[in-house]
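Summary of structural features
Each chain is listed here by its residues.
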Amino acid sequence: MQYVGRVPAPPLDGFIDDIYCLTGVPRHRRMNVPPMPSAHLFVNLGEPVRLWDSDPSVPPAVFVDGWFMGVWTRRFLIEYPTRVRLVGVHFKPWGISAFVGMPATELRDRWVPVDAVWRRSLDRIRNRVGDIASAAETLRVLEGELRSRLAEAPSRSLALVRHTGGRLETSHGVVPVGTLADAAGVSGNHLATLFKSHVGVTPKRVARIYRFARLIVSVDARRPVDWSALAQTAGYFDQAHFSREFKEFTGRSPTEYLALRRRFPAERGFPPDRGPMPAD
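Since this is a predicted model, take the numbers as computed values, not measurements.

What the protein contains, in helices and strands, is 10 helices and 11 strands. Compactness check: the protein gives a C-alpha radius of gyration of 19 Å against a globular reference of 19 Å for 280 residues, within 12% of the reference. The buried share of the protein, reckoned over its 280 residues, is 51%. Restricting the contact set of the protein to residue pairs at least 6 apart, pairs at least 24 apart contribute 72%.

Aromatic rings in a pair are described by how distant their centres are and how their planes are angled relative to each other. With the rule as written, the count across this model stands at 16 aromatic pairs. Geometrically, the ring pair formed by Phe-68 and Trp-118 is edge-to-face, given 5.1 Å between the ring centres and 80 degrees between the ring planes. Highlighted residues: Phe-68 in strand β7 (residues 66–69) and Trp-118 in the loop between α1 (114–117) and α2 (122–129), separated in sequence by 50 residues. Grouping residues by exposure puts Phe-68 and Trp-118 together as buried. Each residue in the set Phe-212, Trp-227, Tyr-236, Phe-242, Phe-246, Phe-249 and Tyr-257 is aromatic and connected to the rest through ring pairs, giving one cluster. We note Arg-162 situated over the ring of Phe-15; from NZ or CZ to the ring centre the distance is 4.7 Å. Over the ring of Tyr-236 we find Arg-211; its NZ or CZ atom is 4.7 Å from the centre of that ring.

Let us look at the packing of helix α7 (residues 203–217) against helix α9 (residues 239–250). In the contact formed by α7 and α9, the axes pass within 11 Å of each other and the chain directions differ by 90 degrees. The angle between α7 and α9 falls in the class roughly perpendicular. On α9, the residues that touch Arg-205, Arg-208, Arg-211, Phe-212, Leu-215 and Ile-216 of α7 are His-241, Phe-242, Glu-245, Phe-246, Glu-248, Phe-249 and Thr-250. Partitioned by chemical class, the residues of the contact of α7 with α9 number 6 nonpolar, 2 polar and 5 charged.

The rules we used
- Residues numbered from 1 in each chain as written.
- Predicted model: local features only at pLDDT ≥ 70, side-chain atom pairs only at ≥ 80, totals over all residues.
- Heavy atoms only, no water.
- Helix = DSSP H or I, 4+ residues; strand = E, 2+ residues; numbered from the N terminus.
- Rg over C-alpha atoms; globule rule 2.2 N^0.38 Å.
- Buried < 20%, exposed > 50% of the residue type's maximum accessible area, 1.4 Å probe, protein only.
- Contact = heavy atoms within 4.5 Å.
- Phe/Tyr/Trp six-rings, centres within 6.5 Å; stacked < 30°, edge-to-face > 60°.
- Lys NZ or Arg CZ within 6 Å of the ring centre and 35° of its normal.
- Axes fitted to C-alpha atoms, helices over the stretch in contact; angles between N-to-C directions.
- Parallel < 35°, antiparallel > 145°, perpendicular 65-115°, else oblique.
- Nonpolar A, V, L, I, M, F, W, Y, C, P; charged D, E, K, R; others polar.

Here it is as structure tokens:
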């Protein structure tokens, strides 16, 4: 499966990590996806995609067209068709708020059809990109759609969340939330309220996800792994806490995760395989 992605031009890059195309035969049909610091838009141009929540009380979903996903605080499972063709967006955790007219809490830990958010727009998007063979041209069309939907003047509250979230991003979640609130000139409770509105979760939760993401993408399964050193570098100073969070986010212990990675090595230069892992 081929991954072609790029960072969009300003001002979209302040809200989006990358836009991308996935095409071809997947190496692994079923992928276990841990919480990662992003929200998503998928426009499916191929066969149906299936999704399962790690919470067994949530029914699975099948998407033929497209769907939004907010920030996820638990893992989920995605099953690709035998041949994949989709275009997507990795929003920064706060980024989706600038493109949808709804509180981010309504997208947290949920997959929502595109037309439920951008009403009567999915067919138009699919028709514009459906017959384009070039990945570069497909990304140009998607970038144009996003640019047309970006709020002309993001609210002051979103600007504050974006600035504060940027510090969490660059520090990989290590900056204390109290320090962020003091620097922003607001109370911790007020900052949490703003993050819930624009991200869907509190800044403390965002910090946890950034910290875990830093750790998981630094694992090199081809070499011996010093979990204690990796955990400390990522900001985990309590080994028991690290082990609990790792199991919560991946469904596996660090040892089990490493064994799986060694059985199914990640493809170099293929971003989707750096966090998600094959569902054994």
